Each structure stands twice: as structure tokens, then as C-alpha cells.
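Residue strings, one per chain:
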Amino acid sequence: IKMKTNQTQVSIETNTETMSRFFDRCYEEGLFLGFDSDEQACVERLIELFNIKPEEQIVEPGCGCGRLTSLLSEKIGYGGMITACEISPKMFQHCLELNLPPYVCFYNSTVINLNLPHNSADHIICFNVWPHLESPDSHLEYFSKILKRGGVLHIAHSCGREFINKIHGDASDSMIKKHLLPSAEELAKHLSLNGWEIALFLDEEDIYSVSYTHLTL
């Protein structure tokens, strides 16, 4: 039996393998293991903006070395759950070694491949990861299914958009060069056409955070 191949899916999987190797190298260079003092102040501000409550359900795509995950776990406590995924095997292994509470679950996977239950998440937090997600529209469609009605998608970065795009644009890796973060205004226009309502809009020199409420089931 001959099976048809979905070219988009093949492209996503191939790019995921490339990105996995890239972030493995980042880990080997000691990158993204923790927050410096400037980042820490920004992250504390972001967590306040996320408005996370005890016992909520959080999905964190591209959690890296779990540096934000650890802080989020303190906010939700027992009764909540964090589902965090990371494609880099080395970063994933680092996450496991953090020995976070049992309500934090790490997966060495893309978020889409997890097939999470529909209408189950209070928050999806894309922290320092949005430009690296392959096929953003496919992710948005998936996120709209797994978020509860009124759940919130957060797209956040611990530095400004111009700085991020300069770092990516100057990268030696040709794929990373293409991973540019759109303006918050561009994202808002795109998502507003697909059943999302903007809840927070910050596109400043040293911080980027846009949150969207899911309005449709």
C-alpha cells in the first residue's frame, strides 16, 4: 500500500530535527541555563502579567532548560499542572534533573505531537519561542482547541523585539536568520481574524508580551 505524504508535515519534522540539533549545541555552550539580573527582572514582570492562579493548567511549548517552568510551578502549586515540552534532548534531560514537583510534566516533543485534550488548558505560554515555531497558523489552530474558553495564549520574550530580530538576523545558522518576531500589532491583526481577542499588548525596548484570550470553542 502506498501512503501519501503530507509535504507540510515532512517539512515541519525536518526543520524540527534541525532546530533540535541547534539547541543541543546551545546547551553545550552553556546558554539558556538561567536568567541574568536584567532577564530576572523582566521575567518577574512577565509572570505578574500572566496573572496565573493556583491550581491552573499551563502548557509551555519550547520550555528550554526549564528556567521559566520552575518559576511557574511555584505559582500554581499542587492541584495545578504544567505540561512543558522541549525538542532538544539535552535541554529536556536538564529539565528532568531539576526535580520539579510531580505536577510538572516534561516531554521531549513538539507541542503539536503531544495531542493534548481539547478544552483543557488555562494558559499556553510561548516564552522566547514564538519565532522558532514552524507553521504558526498550525500551532494557533491547535492552541485554539486545547485552550479552555476564556483561556489565554501568551507570546512573551525577556527582551525587546528589535534586539531579538538583530540576534537572529546576525546568526550564522541560515534557519535562525529567518526566525523573526513580528510586531505585536501584526500579531494582533492576524489573531483577531481567527477568534482571538487581545488582552495585553506590550512591545517595548526591553520586553515583548502579547496575550490573547480564546473566545470560541
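Residues numbered from 1 in each chain as written. Predicted model: local features only at pLDDT ≥ 70, side-chain atom pairs only at ≥ 80, totals over all residues. Heavy atoms only, no water.

### Examining helix α3 (residues 67–76)
Link 1 in the chain: Burial in α3 covers these residues: R67, L68, T69, L72, S73 and I76.
Link 2 in the chain: The inward-facing, buried residues of α3 abut α2 (37–50), β1 (57–60), β2 (81–85), β3 (104–107) and β4 (121–127).
Link 3 in the chain: Among the residues trailing α3, G77 stands out with phi positive, at a value near 65°. (Buried < 20%, exposed > 50% of the residue type's maximum accessible area, 1.4 Å probe, protein only. Helix = DSSP H or I, 4+ residues; strand = E, 2+ residues; numbered from the N terminus. Contact = heavy atoms within 4.5 Å.)

### Brief notes about the pattern of salt bridges
Link 1 in the chain: Applying the stated rule across the entire model yields 5 salt bridges.
Link 2 in the chain: For K145, the salt bridge goes to E141, with nearest N and O atoms at 3.8 Å. In this pair, K145 and E141 are both assigned in helix α5 (residues 136–146), 4 residues apart and thus about one turn of the helix distant.
Link 3 in the chain: A relative accessible area of 46% places E141 in the partly exposed class. (Salt bridge = Lys/Arg side-chain N within 4 Å of Asp/Glu carboxyl O.)

### Looking at the packing of α2 against α3
Link 1 in the chain: At their nearest, the axes of α2 and α3 sit 11 Å apart, and the two run at 45° to each other. Between α2 and α3, the crossing angle belongs to the class labelled oblique. As α2 packs across α3, the resulting crossing turns out to be right-handed. Two secondary-structure elements touch here, α2 through E39, Q40, V43, I47 and F50 and α3 through R67, L68, L71, L72 and K75.
Link 2 in the chain: In the contact of α2 with α3, the residues fall into 6 nonpolar, 1 polar and 3 charged. (Axes fitted to C-alpha atoms, helices over the stretch in contact; angles between N-to-C directions. Parallel < 35°, antiparallel > 145°, perpendicular 65-115°, else oblique. Left-handed = near helix turned anticlockwise from the far one by under 90°. Nonpolar A, V, L, I, M, F, W, Y, C, P; charged D, E, K, R; others polar.)

### Looking at the pairing of strand β5 (residues 147–157)
Link 1 in the chain: Of all 11 residues in β5, 8 are buried, a share of seventy percent or more.
Link 2 in the chain: Across 6 bridges, β4 lies against β5 in parallel orientation. Its bridge partner lying in β5, A121 is registered against L147.
Link 3 in the chain: You can see the chain leave β4, run along α5 and come back into β5, and the turn it takes is right-handed.
Link 4 in the chain: Relative to strand β7 (residues 208–214), β5 runs antiparallel, the two sharing 6 bridges. Bridge pairing in β7 links V152 to T213. (Pairing = 2+ DSSP bridges. Right-handed = clockwise from strand over helix to strand, strands pointing away.)

In short, the description is geometric, and any link to function would need to be established separately.
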